[in-house]
Amino acid sequence: MVTESIFQETLQSKEKRDDENFSGLARTIIIGVGGTGKEVITRIRQSIIQEFGNLANVPVIAFLQIDTSAAPPSWRPKQSDSEAIEFKEDEVIHATVTHSAFGGDVTKHPHLASWMDESMGKYELSDGAKQIRQLGRFSFFINYDKILMAFNKAFKKVNDTTATEKLKEKNI
């Protein structure tokens, strides 16, 4: 897969890593949106685990997976240690929307009506946005505070001063 090869090229071999810049690793929050996004960041997690042993060894990298569907994806990682690849509760944002959240009538909300088609109000977003951009955008709008809180938590994690100390302790 192209994404994996690009990611692998980004991770330099251990022998060539420079201690001063944290072994070639930048503080990073990797965000996957939707089912495809989850698949991509799961593969990235696999690559990190293969390279560094486990995710705890690279505390300067955090993950967020945002999806409008609370159902588990049909795609599952192919690795015997899938428990290590699974996302923790604070890494997953279920950005679902029920009709009660906005009444199902877009015309009653002028701030939505300027960009959201009236027919979008009929959809229930607990089972996914169905690849409809307006529904995904609406879900982001409704769940903004929840998404922002999760992002800020991930940001705090990767910028924690002890994260760089952990990298040096592990000699990464």
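Residues numbered from 1 in each chain as written. Predicted model: local features only at pLDDT ≥ 70, side-chain atom pairs only at ≥ 80, totals over all residues. Heavy atoms only, no water.

Participant: Teacher, can you tell me more about the sheet that holds strand β1 (residues 28-33) here?
Facilitator: Strand pairing in a sheet relies on backbone hydrogen bonds, with the paired strands running either antiparallel or parallel. Sheet architecture is open: three strands sit in the order β1-β2-β3, paired in parallel fashion. Edge positions in the sheet fall to β1 and β3 (92-94), since each has one partner strand and no second. Across the sheet, the mean angle separating the axes of adjacent strands is 20° when strand polarity is ignored. With six bridges joining them, β1 and strand β2 (residues 61-67) adopt parallel strand pairing. Residue G32 lies in a different strand from β2, and its bridge partner there is Q65. Contacting β1 and β2, helix α2 (residues 34-52) crosses the sheet at an angle of about 160° to β2. Against the sheet, helix α7 (residues 144-158) makes contact with β1, β2 and β3, and its axis sits at roughly 170° relative to β2, the strand it touches most. (Pairing = 2+ DSSP bridges. Helix = DSSP H or I, 4+ residues; strand = E, 2+ residues; numbered from the N terminus. Axes fitted to C-alpha atoms, helices over the stretch in contact; angles between N-to-C directions. Contact = heavy atoms within 4.5 Å.)

Participant: Quick question: what am I supposed to make of the pattern of salt bridges here?
Facilitator: Oppositely charged side chains are able to pair whenever their charged atoms sit close together. Scanning the model with the defined rule gives three salt bridges in all. Put simply, E39 and R43 hold a salt bridge, and the shortest N to O gap is 3.0 Å. Of this pair, E39 and R43 both sit in helix α2, four residues apart, roughly one helical turn. A salt bridge links E91 to R45; its shortest N-O distance comes to 3.2 Å. Here E91 is found in the loop between α3 (82-85) and β3, whereas its partner R45 is found in helix α2, with 46 residues between them in sequence. The same class applies to E91 as to R45, namely buried. (Salt bridge = Lys/Arg side-chain N within 4 Å of Asp/Glu carboxyl O. Buried < 20%, exposed > 50% of the residue type's maximum accessible area, 1.4 Å probe, protein only.)

Participant: I'm lost on a nonpolar patch on the surface in this one. Help?
Facilitator: A cluster of nonpolar side chains, namely I31, V33, F151 and F155, defines an oily patch on the protein surface of about 370 Å² accessible area. Taken together, the elements giving at least two residues each to the nonpolar patch come down to β1 and α7. With respect to the secondary-structure elements, I31 resides in strand β1. Owing to a relative accessible area of 41%, I31 belongs among the partly exposed residues under this scheme. (Patch = residues over 30% accessible without salt bridge, like charges linked within 9 Å, V, L, I, M, F, W, Y side chains within 5 Å. Areas by Shrake-Rupley, 256 points an atom, 1.4 Å probe, with all protein chains shown as cover.)

So, to be careful, I would describe these as geometric facts and stop short of saying anything about function.
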